[in-house]
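In case you want the letters, here they are:
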Amino acid sequence: MKAERARAAAILQRLEKSIPDPETALAHNNPFQLLIATILSAQCTDVRVNQVTPVLFAQFPGPEDIAQANPEDLRDIIHSTGFYQNKTKNMIGCAKKLLEDYGSKVPDTIEALVSLPGVGRKTANVVLGSAFGQEAIVVDTHVRRVANRLKLTRSDDPVKIEADLAQVLPKKKWTSGAHRILLHGRYVCKARRPLCGECVLYDLCPAEKEKKAAK
DNA sequence: CTCCCGATAT
DNA sequence: ATATCAGGAG
């Protein structure tokens, strides 16, 4: 365990250099907008979400506006993010629930967040970390892949991965650390063709050693 | 486990 | 032309 923490610390130290400022890529001005943007980001790139949210928020800035919106209008705006039927329903349901149960404010606990339509653990942790400044480990597909390649976890279950990372990362670095791992996965340790040649973690990566051993 | 869907890399 | 990417709900 102690050795694992030291390895994780070494990994983080490299990533802090290669990714100095691990901020959310999702454009937003307040917790509500981040919540909606993150709901839209399910199975969709942040780049694409950022193409639709300015249009969406110009017309529907707050929960009141989205709760009352004509679903077709919302759907047309968010169409390109995919899964637009679900996402439209979720946005409206989510806005309504915020109005009815949370005084139009985005709640700041994982339990309350996860109770909102379209909000799972990943989305909840994004909001907790980036809107409320809590230490929250976001596990998305990138974090899952990178954490497994680095052998920081052996699990495919996001909840278990989150627990494993919580063990090995200092709490002060939960949000930034997970986000750096995420970004490293998006741009370097990619799903299809990982750029091992330009990876700052090259010598710390078990996946790389396995490849060499296989030769 | 299946369904929900568009965009892009190959 | 099509495989792959990217979370949540039922």
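Here's what I pulled together on the structure shown here.

The rules we used
Starting from 1, residues in each chain are numbered consecutively following that chain's sequence as written. Each chain gets a letter, beginning with A, and each ligand a number, beginning with 1, in the order they are written. Note on the predicted model: pLDDT of at least 70 is required for a residue's local features to be given, and 80 or more for side-chain atom pairs to be given and counted; whole-chain, interface and lining totals, by contrast, use all residues. In computing side-chain properties, one takes all heavy atoms of the structure into account and sets aside hydrogens as well as water. Three labels apply to residues, based on accessible area from a 1.4 Å probe with only protein chains included: buried if under 20% of the type maximum, exposed if over 50%, partly exposed otherwise in between. Numbering goes from the N terminus for both helices and strands, where a helix is a DSSP run of H or I of at least four residues and a strand is a run of E of at least two. For this quantity, the arc is that covered by the directions from the helix axis to the C-beta atoms. A contact between two residues is defined here by any heavy atoms of the two lying within 4.5 Å. Think of a polar contact as two N or O atoms within 3.5 Å of one another; within protein, one of them needs to be a possible hydrogen donor and the other a possible acceptor, and neighboring residues in sequence only count if both atoms come from side chains. A molecule or strand has a residue near it when one of that residue's heavy atoms lies within 4 Å.

## Digging into helix H5 (residues 71–78)
For H5, the full list of buried residues reads Leu74, Ile77 and Ile78. The buried residues of H5 occupy an angular sector of 85° when the element is viewed end-on, so they sit on one face. Buried residues along H5 sit in contact with helix H2 (31–40), helix H3 (46–59), helix H4 (63–68) and helix H6 (84–101). Measuring from the backbone nitrogen of Glu72 back to the side-chain oxygen at the start of H5 gives 3.0 Å, which picks out Asn70 as the cap.

## A look at the side chain of Thr88
On the secondary structure map, Thr88 appears in helix H6. Residue class for Thr88 comes out buried when judged on its relative accessible area of 5%. Thr88 has contacts with Pro71, Leu74, Arg75 and Ile78, leaving out every residue within four places of it along the chain.

## Notes on unusual backbone geometry
The backbone of Gln43 sits at a positive phi, close to 55°, despite the residue not being glycine. Checked against the element boundaries, Gln43 lands in the loop between H2 and H3. With phi around 65°, Ser104 is a residue other than glycine that occupies positive phi space. As for its position among the elements, Ser104 is in the loop between H6 and helix H7 (110–114).

## Side note on the protein's contact with DNA strand C
Of all residues adjacent to DNA strand C, which total 16 residues, the nearest are Gln43, Gly118, Thr123, Thr141 and His142. Among atoms of DNA strand C positioned within 4 Å of the protein, sugar and phosphate together represent 63%. Gln43 is positioned such that a nitrogen or oxygen atom in its backbone is 2.4 Å from a base nitrogen of DNA strand C. Gly120 is positioned with one of its backbone polar atoms (N or O) 3.2 Å from a phosphate oxygen of DNA strand C. Elements supplying a minimum of two residues to the surface near DNA strand C: helix H8 (121–130) and helix H9 (141–149).

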